[in-house]
Structure formats: C-alpha cells, structure tokens
Amino acid sequence: MFLISPLSLSVILNPSSSRRTGHYNVQRSRPGEKPPYQRCSSQESLDELALDDYWKELAIIQHTGDTEPQEEVQLKVADEGEQEEAWLTEAGLATLFDESAADGEDSMVLLSTLTRTQAAAVEKRVETLKQTLRKRNKSYSVPDVRDIFKPPASQDTKAEPCGGGAETETDINLEVSFSEQALLSYKDGSKVTQPVNEADDKLPVSVRDKTGMTKVGDLAAADMKKVRRLVLIEMTALFDTAGIDLKTHKPLKIKVKESGLFGVPLSTVLEQDQKRVPGSRVPLIMQRLISHIEEEGLHTEGLLRVPGASTRVKAVCQELEQKFYDGLFPWETLKQHDAASLLKLFIRELPHPLLTVEYFSAFVSVLKFPTKKQQLQALNLLVLLLPESSRDTLKALLEFLQRVIDHKEQNKMTLNNVAVVMAPNIFMFKGFRSKFSEQQEFAMATGMANIVRLLIRYQNLLWTIPKFVMNQVRKQNTENQKKMNRDRAVKKLLKKMAYDRDKNSDKTEKNTEVSGFIRVQAPQFSKVSMAVQLTEELQASDILARFLSQDSSVSVKREDLCLYEIGGNIKERCLDEETYMKALLELNPSAEWVIKSVQR
C-alpha cells in the first residue's frame, strides 16, 4: 500500500500546475493576504472567480483552528488486486471471483443489461484480478472474460448522435449511457479540452422524458440498490473511456468523538438526532443553523464571507454542545455571521469528508474531463454513489447556498463568491488539511472552487437518476420476474396462482388497450379508487388534481402526495408530476397506480 501525497492530489485537480509549483513564491504573513494569481489554461471561467475570498477564508480557518485536535486522515490505495475485488463486490459481481458468493443469478442478469463500455469496465477489472491472482498462485476460480461476455453485451443503449447531428457542449442526454456518448465523441476526434464558458451560466439543455424524471428518493430501496451498482459500473466506464486513472481510497481507522455535534462522524450525529426526531436525514444542528441564518434575512451583505468573531464562535460552539439537545440554547442571542461561521465549522470539522474518502479523489478528478458536459455527467454519477447520509446533507447545504445566491443583489454573494468561500470548508476536511502546503493549496484552489460551483449550479440535474440507468433497472426486474414465474410454475402448490396472475395480467393489459382507462387507488381519500381515462396529454399532476377536487376533507398537503408506479418492471416509483401516463403505461403495462403520502 502507499499513501497518496498532497502533491499527487493537487495534480489530480490541476495537472498543469505540478510543473510550476516550484516557481510559486507564496508568502502570506498576514491573514487574508493572497498569493500571486496564476491563470489556469484549462478553465476559462477561473478568471472570474474571486480567489481573494478563498485565501481569506483559508486564513480564517487556520486562525480559528480546530475545536479539538484529531489525528490526521491518511488516504491509502488498496494493494494490487484488492481494489478489483472490492470494486466487483460493490458492483454486485463478487461471483466473478468467488463462486460461493450470493446473488450469482442476479449477477448474470446484471451483466446481461450492460452496455459495451460498461462491459469493458467489468472485463478490465476481472482481467486485472485474474493476472494478480495468477502472480500470487491463488486458487480463486476467475472465469475467462470471453466466457463472461458471450454473446457480446446488448447494444440497446448504444450511443447514437441525437437529432441526426452532433450534440452541443451543453446538451445533456440522459437516455444514452454517458460512457457510450463519450466513446462516440472520442471516435469523432473531439477528445480535446474545450474552454468552458461560464459567463452566460446557462443550464444544460435536456429533452424532457415523457415517462417522467426520477429523482433520488423516488425509488424503493431494492431498486436503489440496483441503481447504485449500475452507477458504479457506469462511473468507472466513463473514467476509463476518458483515460482517467481512478483510484478509490480508504481511510485508516482513527479515533473520533463518539457523541456531540462538532467533530463527530455524520453517521453518529444522525443516530443521535433520530433518537429525538425519528426519520431525521439531515443533522438537526445544521438544519437549525440554516433556519436561524434565514430568519435573520438572506439580504445581509457578505453573508458566508464575513466571519463571526472567532472567540465568540468558539464560545457559542461549546454552549451548543451543552445545550442544543436540551432545547436550552438562546438562539435569539446568536448573531447571523456567527451562525454562518458555525455552519461552515460543522462541515469542515467532520472527521471524514462530506464527499467521502472513498470518492474524494474521483470528485477532484472531475475537471480532467475535456468538456463541461462530461464533467456534469461524472458529478451526476458520483452524487448518486454517495452514502444516503452524505448525499442528503450535501443537498440540504447546496439548496441553502442557492437561496443565498438568489439574494445576490442585496448580499453581494454571487455563485462565484459562494463557491470560492465554501470550497475550503468542503474539501479541507478535519484531519487532512495540514497535508497540503500553501503552494499545493494554490494549485488546488481554482479546481475546488469550480467543482463547488458546478455542484451548486446544477444540483437539480445532479440528483436525477439518468433514464438509461432506469431502463437497465427495469430490464433486470423484468428478467428476475420471468425467472420467478418459471420457478413458481414448476411448483404444484403455486401453479394455479401463477396461472391466475398471468391471466389477470393479460386481461388488464387487453382491457387497458381497448378501453383506454387505468384504475388509480387512493386509500387516503374517501373515494379510494377511480377509473381514469387515458389521453396523450394526461399527466400525473392531472390525476392528483382530479382526486383532490372531489375530496376536500383530505388533510394531507398537495406537495406531500405522490402518484406511485408500483409493480411490473419497477418495485415502486414516485412519479414526477409532469409524467405522461400513456407513455409510462407503454413502458410498464403491468404496473398499478396508487396515490399516497411521501416524505421527502
């Protein structure tokens, strides 16, 4: 094993800077004094970023210091072969090197849904593992990659040019595998770094899917497990296709606080919170600090940039540790800038980064992709790979930051300003900050700020599950259902049940096609079900409105209700209100439709 050096991580963020690091003469004797600014040739937008604020924020962090000392986190790369085993296991493909592993048949179903580039990513790791085990004279039975992928993987998701022509830089196509799109663009000879013009700040253009967008949290746990495995394979394939070496890291075991608010692992904080407020998904202290800042008004000039008094912030931090959970903390005495400083302190004091140690280097490698489109695609996949606690907490933070930016005319905090101020708080997590020299921090500054900028600006896109992944999940569920039906058919006791189910399913499909109606169940309403006529323009929102108009006694708010697609080739999915029902029925003709409450 080897330790990742600070210099190597700075190279990940800005490859060209490593050759010039020795030329920098960074001397900052006073807080807030910045080193000389050097333009980065790979990102045109960096000239617009107010890096003065980055160095001021870094100086404040260094001056403030940690609430408590903690041993440093060292990032390690797994031994040769160990990383491949871990990757295959996480992807649900452990049976490819361990015949005793569970879910062998599920692995085969998963493999049958992969695209060319996804299959190539699996092949690469299997072959590397096979060669490593051969060197060690291990007796693992690793199949030949030609046996795994014969016949070749399905090309249903093969990338084709959209609209008969090349996509523009800001076109985001969620229906075709990102790695397949990248492969196609590289074959066309476009694998060159294109300057990213952020001046117009336009959102990516994406044709809206008539079957509805799927957000994180819309799916059942069983389908999210499939999503995560597919996303891991797709993310790896995207990095492979771009020729970017991707090494996942693991932290050494370190001693951390077992209770409290600041400097405590995110999982520990949430466990404490859930004992008091069941179902908490974002730390209560973070929610309360954000609420307090917003109650004081987001129009305050320099919000997030202007620090609170360091001695006062430390005192308030200690008082919160003692009184927060008892409800005795005097929030009316907390100044707004102090609250903003405490929010940043909470994020950077996490023992492990919000972006996780495992995928930390992957996040900072995003800017190696040659186009903004591919950078956003990589970020989309990485966000989906985050643990639920990290993803939910990051989303709550980004939503708050966007609300701050929405008041930029009053508070003078633009997207660039906020990104620059928050970057060191998100990336320089506790126990790892001192690993970087000032020269290396300078090389990383613009890269960190741009990644945070993308996370804030495109958060709605980044929390969307791409349709090509959803299609692969549906295909897996269909294949699994076919197998279950076959297994049941051979059992005498369940033979009649299987026959009746198939007969009813066929009848439902036939009736739906002939009559053009679907039946929607709504157990919370006085009218528990309703036959709804299908039209080309009928959307999920229309069905919700129809039920609500006929039952005024429902106490649940409209925004807390969702029309669910249940069964068929999906476990359970909360529908986007702009979903066109007829198009979705064609995609999943055996589904049932149920209106029920949803907790976001």
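Our subject in this report is the structure included herewith. In this text the structure is predicted, and so the values were computed from the model without any measurement. What you see as residue numbers is a count from 1 along each chain, following the sequence as written. With pLDDT at 70 or above as the cut-off, local features in this predicted model cover only qualifying residues; side-chain atom pairs require 80 or more to be listed or tallied, and sums for whole chains, interfaces and linings still use all residues. Water and hydrogen atoms play no part in the side-chain values, which are based on all heavy atoms of the structure.

Bringing the overall build of the chain into the picture now. A tally of regular secondary structure across the chain gives 23 helices and 10 strands. Residue burial is assigned from relative accessible area. The probe radius is 1.4 Å, only protein chains are included, and a residue is buried under 20% of its type maximum, exposed over 50%, and partly exposed in between. By the burial criterion, 52% of the 600 residues in the chain qualify as buried. Working rule for contacts: check all heavy atoms of both residues, and any pair within 4.5 Å makes them a contact. A fraction of 77% describes how many contacts in the chain between residues 6 or more apart in sequence connect residues 24 or more apart. Here the open area of atoms and residues is found with the Shrake-Rupley method and a 1.4 Å probe, where only the protein chains shown may cover a residue. Looking at the chain as shown, the accessible area adds up to about 27,600 Å², and 50% of this sits on carbon and sulfur atoms. Where helices and strands are cited, they refer to DSSP runs of H or I of at least four residues and of E of at least two residues respectively, numbered from the N terminus.

This part covers the state of the cysteines. By convention in this document, the label disulfide applies to cysteine sulfur atom pairs within 2.5 Å. The final tally for this structure, using the stated rule, is 1 disulfide. Note that Cys562 is cross-linked by a disulfide to Cys574, the S-S spacing being 2.0 Å. Because the torsion about its S-S bond is 115°, the bridge between Cys562 and Cys574 counts as right-handed. Here Cys562 is found in strand β8 (residues 561-567), whereas its partner Cys574 is found in strand β9 (residues 570-574), with 12 residues between them in sequence. Assessed through its relative accessible area of 1%, Cys574 is described here as buried.

Further remarks concern the pairing of strand β6 (residues 517-521). The side chains of a regular strand alternate between the sheet's two faces. Residues Ile518 and Val520 line the buried face of β6, whereas the alternating positions Phe517, Arg519 and Gln521 sit on a face that is not buried. Here a strand pair is declared whenever DSSP counts at least two bridges between the two strands. Looking at chain direction, β6 and strand β7 (residues 529-533) are connected through 5 bridges and run antiparallel. Counted as the bridge partner of Arg519 is Ala531 from β7. Two strands pair when backbone bridges link them, and β6 and strand β10 (residues 592-597) are joined in this way by 2 bridges, in the parallel orientation. Bridge pairing in β10 places Val520 opposite Trp593.

Another point: the sheet that holds β9. One open sheet holds the 5 strands; their spatial order is β7-β6-β10-β8-β9, and the pairing between them is mixed. Sheet topology places β7 and β9 at the edges, where each strand pairs with a single neighbour. For this sheet the average axis-to-axis angle between neighbouring strands, irrespective of direction, equals 25°. Across the sheet, helix α22 (residues 540-550) touches β6, β7, β8 and β10, and the angle it forms with β7 is around 135°. Each axis is a line fitted through C-alpha atoms, and for a helix only the stretch in contact is used; angles between axes span 0 to 180 degrees, taken between their N-to-C directions.

Functional significance is not addressed by these values, which are geometric in nature.
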